[in-house]
Amino acid sequence: MDNANSGSAGKKLFGQLNFQRFLALAALVIIYVFFCIFGNNFLSTTSLINILDSSYYIGFLAIGVTFAIITGGIDLSIGTVMMTSALIGGVAYNKGAPIALALLICVISGALFGLLNGIIISKFGLVPFVATLGVQMVASGFGAIVSNVQTIRYPTVGTEDAWFKQVLYKTSSGFPIGIVWLVIFFIIAYVILNKMRMGRYTFALGSNEESARLSGVDVSKWKILVYVIVGAFTGMAGVMYAAAYTTIVPVTGAGMEILGIAAVVIGGTSLSGGVGSLTGTIIGVYIMAVLKQGLMSMGLQGHYQTFFTGIVVIAAVMLDIYRNKKSSKVKKA
Amino acid sequence: MEKQLVRMENIEKYFPGVHALDNCKFDINAGEVHALIGENGAGKSTLMKILTGIYPKDSGEIYVKGSPVNISGPSEAQALGIGIIHQELNLMQHLTVAENIFIGREPMNGLFINTKKMNDETDKLLNSLSLSIKSTDKVEDLSVAKQQMVEIAKALSLNSETLIMDEPSAALTESEITELFKFINKLRDDGHGIVYISHRMEELFIISDRITVMRDGKYINTLNTKETDVSEIIQLMVGRVIYEEPKSKSTAPPGAPVILEVKGLKSPLVKDVSFELHQGEILGFAGLMGAGRTETARLIFGADPMDSGEIFVNGQKINIKTPRDAVNNGIGYLSEDRKRYGLSVGLSVSDNITMADLENFTKNGFIDSKKEASTSKEYINKLSIKTPSISQLIKFLSGGNQQKVVIAKWLVKNCNVLIFDEPTRGIDVGAKSEIYKLMAELTKEGKSIIMISSEMPEILRMSDRIAVMCEGRMTGILKIEEATQELIMKYATSRK
């Protein structure tokens, strides 16, 4: 009797979870259709490609930070770490490193900043908000020091090493190849989160860290690893940023973390941890990308995008609160 | 001459599935200290929570100074002159004594707080109580005993004639208790009525005028302190009829090897605890609340750091610094608070079952989901865990089934020493006997169990030997054959 009840409650909640992801997807479609009707020339390959082009680095940022958020943490350093990693890679390139090595250095730099975050949070017990806020500024300053406060240029189209843009961002025929990389790394992240021990512990940390510790899980090690993953994806975001925009300006990137975090929240990952999905995150990324292109097609500039993204974030969180209330009611019943 | 402050009669209270208070009565006179005593769960706190408006009563009458009253919230209790000092102090550490006493009713000077008036009135109050505390002292700089007196002063400033003190001596040192008693005596002489709740038998005989004993939600008797003694009170506290037969004889295999030995375990709350656990044995840990049983278990499990002590598993000294060390040495801990310490409630049944042993379900970092599913199913069947599927979220299982999942977690990890901390708390009667059966089966398979329990019948029914703790010390280890409720209670209340 008791058992049958809990079973149906479980199904209800499961239905709701799917329902919320469905809702996010539906919102994406509705927004897209809305702009197709009211935007100027929105329904076109060009604007579709623009949507994709603007999604890569935010996509990598968002995928990475999803891990931190599922543990119940946060990473506010991803914006400046992305830029600083790109700066470090760019400096290496300008000092004569082959471009492939420079890009690898970019990814590794990101991972090292992640390691720094992880150690400060896990070994020294700072709350993630404060730790990563500090690292955000440290990274920003470090990038300026390494680059000597000079704008760093990656190879531009036409030069010898510009092949990396064709491989990572857009082929010579104009195909947006970046989406292929985003999909590949989405799948890798998905497998890590859902099929590997790493992912199981990510959820366990967010669901109940103390219980994980009392189960003999080496909580501090796995928490550090989570932030290393966030960092590595942030470094990759730096690579994608360099491939798309070529020039990297020191002391920028602050504020970009909000875009990544917003995508995660829109996708239904709970900031209190334990619950989340990468599929939701990707949907969140594209809701923001479509908003941006769509508003532009209506002749509205970037600040309108910020305005409406904010509204979407609030709506998503309200939905999350509403859902939690409902599910706790189900539990009581 | 005696003036009655409060009288409670025919009080009934039901919680889901529990008759928490069954026709209870209680009264307090002006100028007396009335002690309220009973085992954990006897209903003392529930009764006092009804008097202070925290719980509504289901039926019964409350009279304040002879006239019937209806107390439906804490503020009404306060208005009727009934104040409570909780065991956990509710002061704001960073504020001053005066700010704490006047919180929410600060004397105002237009838009601003009239600090001078507030401090003066506080000092007047503290002086009248002959307390050496200043209104401007920061609470965090005061000792626990002083903080408690601030708490009492605050209640008095609200014109409380009746003061309820819940385990006021629990966190105090010997000399602080003397100080507290002096203070309580002064309050009594001033005509206040004091309800004194404590487990410490000898304190009751020092401080109280009358003692009321409760047991299993029932009023048992009220005695004049001068006309009774410790053994009579213990008799009244435990004098229940036990429906379930206690174990008459140890079922542990005779001469079984020692599997776990603990020597001289020390921490702030655990004072030099030593004992041995044999293979196939259930060692019951009895004691009243705050006896240090859970704290001892957490030290053995590495959940809290120990100051000193040695732990031997199978005769070998092991170094336990973290729960991971304990788990790797085959020790599993089932917390009394499953949701906080035992389970990841947001995860599935199988996620929880394999949580402690996930390494063995992982190849190159990937989880072998087939192996995980088959092991989960095996244990769901073995322990008859009722769940629609292995992927059901754990929060939708009943308490008994959640407990079984925690047991499964440690069995999968192949733990040989299992520490059950209040294994049947919050579990219904049917599931209880299933857990008991399971524990008996586990010991037959050679597992050894430490069972911490505050339920006397459970201790007597399950244990092969009984370790009794009081105030962080181990006060006695009894064979089941010699154990009686009275003997256990004697050790559980004997402060050394």
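Residues numbered from 1 in each chain as written. Chains lettered and ligands numbered in written order. Predicted model: local features only at pLDDT ≥ 70, side-chain atom pairs only at ≥ 80, totals over all residues. Heavy atoms only, no water.

*Asks:* It is not clear to me how the overall build of chain B should be interpreted in this structure. Could you clarify?
*Replies:* Each helix and strand in chain B was counted, giving 17 helices and 24 strands. Relative to a compact globule of 496 residues, whose C-alpha radius of gyration would be 23 Å, chain B shows 25 Å and is just as compact. If you line up chain B on its principal axes, its C-alpha atoms span 70 × 55 × 45 Å. Residue burial in chain B is summarised as follows: out of 496 residues, 54% are buried. Of the roughly 21500 Å² that chain B leaves accessible, carbon and sulfur atoms contribute 49%. Of the charged side chains in chain B, 60 are positive and 67 negative, and the gap between their average positions amounts to 3 Å. (Helix = DSSP H or I, 4+ residues; strand = E, 2+ residues; numbered from the N terminus. Rg over C-alpha atoms; globule rule 2.2 N^0.38 Å. Buried < 20%, exposed > 50% of the residue type's maximum accessible area, 1.4 Å probe, protein only. Areas by Shrake-Rupley, 256 points an atom, 1.4 Å probe, with all protein chains shown as cover. Lys, Arg positive; Asp, Glu negative; His and termini not counted. Charge placed at Lys NZ, Arg CZ, Asp CG, Glu CD.)

*Asks:* So what exactly am I meant to see when it comes to the sheet that holds strand β21 (residues 417-421) of chain B here?
*Replies:* The pairing of strands in a sheet comes from backbone hydrogen bonds and takes either a parallel or an antiparallel form. All names here are of chain B. Strand order in the open sheet formed by six strands is β18-β21-β22-β15-β23-β24, and the pairing between neighbours is mixed. The sheet is open, and its two borders are formed by β18 (331-334) and β24 (473-479), each paired with just one other strand. Adjacent strand axes in the sheet meet at a mean angle of 20° when their direction is disregarded. As defined by bridge partners, β18 adjoins β21 across four bridges and the pair is classed as parallel. Counted as the bridge partner of Leu 334 is Phe 420 from β21. Each of β18 and β21 is contacted by helix α14 (residues 399-412), which is oriented at about 170° to β18, the strand it contacts most. Packed onto the sheet, helix α15 (residues 429-444) meets β15 (282-286), β21 and β22 (448-452) and runs at close to 145° relative to β22. (Pairing = 2+ DSSP bridges. Axes fitted to C-alpha atoms, helices over the stretch in contact; angles between N-to-C directions. Contact = heavy atoms within 4.5 Å.)

*Asks:* Honestly, the nonpolar core in this entry has me stumped. Any pointers?
*Replies:* A general tendency of soluble globular proteins is for nonpolar side chains to be buried together. Counting residues in hydrophobic clusters, the biggest one holds 224 residues, and the most contacted among them are Tyr 286 of chain A together with Leu 260, Phe 275, Ile 331, Ile 466 and Ile 488 of chain B. With 16 residues, the single largest contributor to this core is helix α10 (residues 219-245) of chain A. No fewer than three residues from each of domain 1 (4-238) and domain 2 (258-492) of chain B sit in this core. In this structure Ile 331 of chain B touches Leu 260, Ile 300, Phe 301, Val 313, Ile 320, Ala 326, Cys 415, Val 417 and Ile 419 of chain B, once residues within four positions along its chain are discounted. (Core = buried A, V, L, I, M, F, W, Y, C linked by side-chain atoms within 4.5 Å. Domains from an automatic or database assignment.)

*Asks:* Even after reading the chapter, I still don't get unusual backbone geometry, so can you show me in this structure?
*Replies:* Working note: non-glycine residues mostly have negative phi, and peptide bonds are mostly trans. Residue and element names in this part refer to chain B. Phi is positive for Asn 10, which is not a glycine, with a value near 50°. Positionally, Asn 10 belongs in strand β1 (residues 4-15). Positive phi outside glycine occurs at Asn 23, with the angle close to 55°. Locating Asn 23 in the fold gives a position in strand β2 (residues 18-29).

*Asks:* I'm lost on the confidence of the model for chain A in this one. Help?
*Replies:* Detailed reading of the predicted coordinates is not advisable wherever pLDDT is low. Looking at chain A, the pLDDT average stands at 90 and 92% of residues meet or exceed 70. The secondary structure element of chain A with the lowest average pLDDT is helix α1 (residues 2-38) of chain A, at 67, and the one with the highest is helix α5 (residues 99-122) of chain A, at 98. (pLDDT = per-residue confidence, 0-100.)

*Asks:* Looking at this structure, I do not really get the interface of chain A and chain B. What am I missing?
*Replies:* Bring the parts together and some accessible area is lost; that lost area is often taken as the interface size. Contacts between the two partners involve 26 residues from chain A, matched on the other side by 38 residues from chain B. Summed over both sides, the interface of chain A with chain B buries roughly 2600 Å², with 57% coming from carbon and sulfur. When the buried area of chain A at its contact with chain B is split by residue, Arg 197, Arg 200 and Leu 214 of chain A rank highest and sum to 26% of it. As a salt-bridge pair, Arg 200 of chain A and Glu 372 of chain B come within 2.6 Å of each other at their nearest N and O atoms. Top element by residues in the side of chain A that touches chain B is helix α9 (residues 197-214) of chain A. It accounts for 11 residues. (Buried area = accessible area lost by both parts, 1.4 Å probe. Salt bridge = Lys/Arg side-chain N within 4 Å of Asp/Glu carboxyl O.)

*Asks:* I would appreciate a short explanation of the domain arrangement of chain B in the present structure.
*Replies:* Residue and element names in this part refer to chain B. As far as domains go, chain B holds domain 1 (4-238) and domain 2 (258-492). Centre-to-centre separation of domain 1 and domain 2, based on C-alpha positions: 36 Å. Each partner contributes to the interface: domain 1 provides eight residues, whereas domain 2 provides 11 residues. Both faces combined, the contact of domain 1 with domain 2 buries some 920 Å², and carbon together with sulfur accounts for 57% of it. Looking at the side of domain 1 facing domain 2, the largest losses of area belong to Asn 40, Ile 234 and Val 238, adding up to 54% of the total buried there. Viewed at the interface, domain 2 and domain 1 are joined by one salt bridge.

*Asks:* Could you clarify how one ought to interpret the pairing of strand β12 (residues 218-224) of chain B in this entry?
*Replies:* Side-chain positions along a regular strand alternate between the two faces of the sheet. Residue and element names in this part refer to chain B. In terms of strand pairing, strand β11 (residues 210-215) meets β12 through six bridges, oriented antiparallel. Bridge pairing in β12 places Arg 215 opposite Lys 218. Where β11 hands over to β12, the hairpin turn is made up of two residues, of which Asp 216 adopts a positive phi near 50°.

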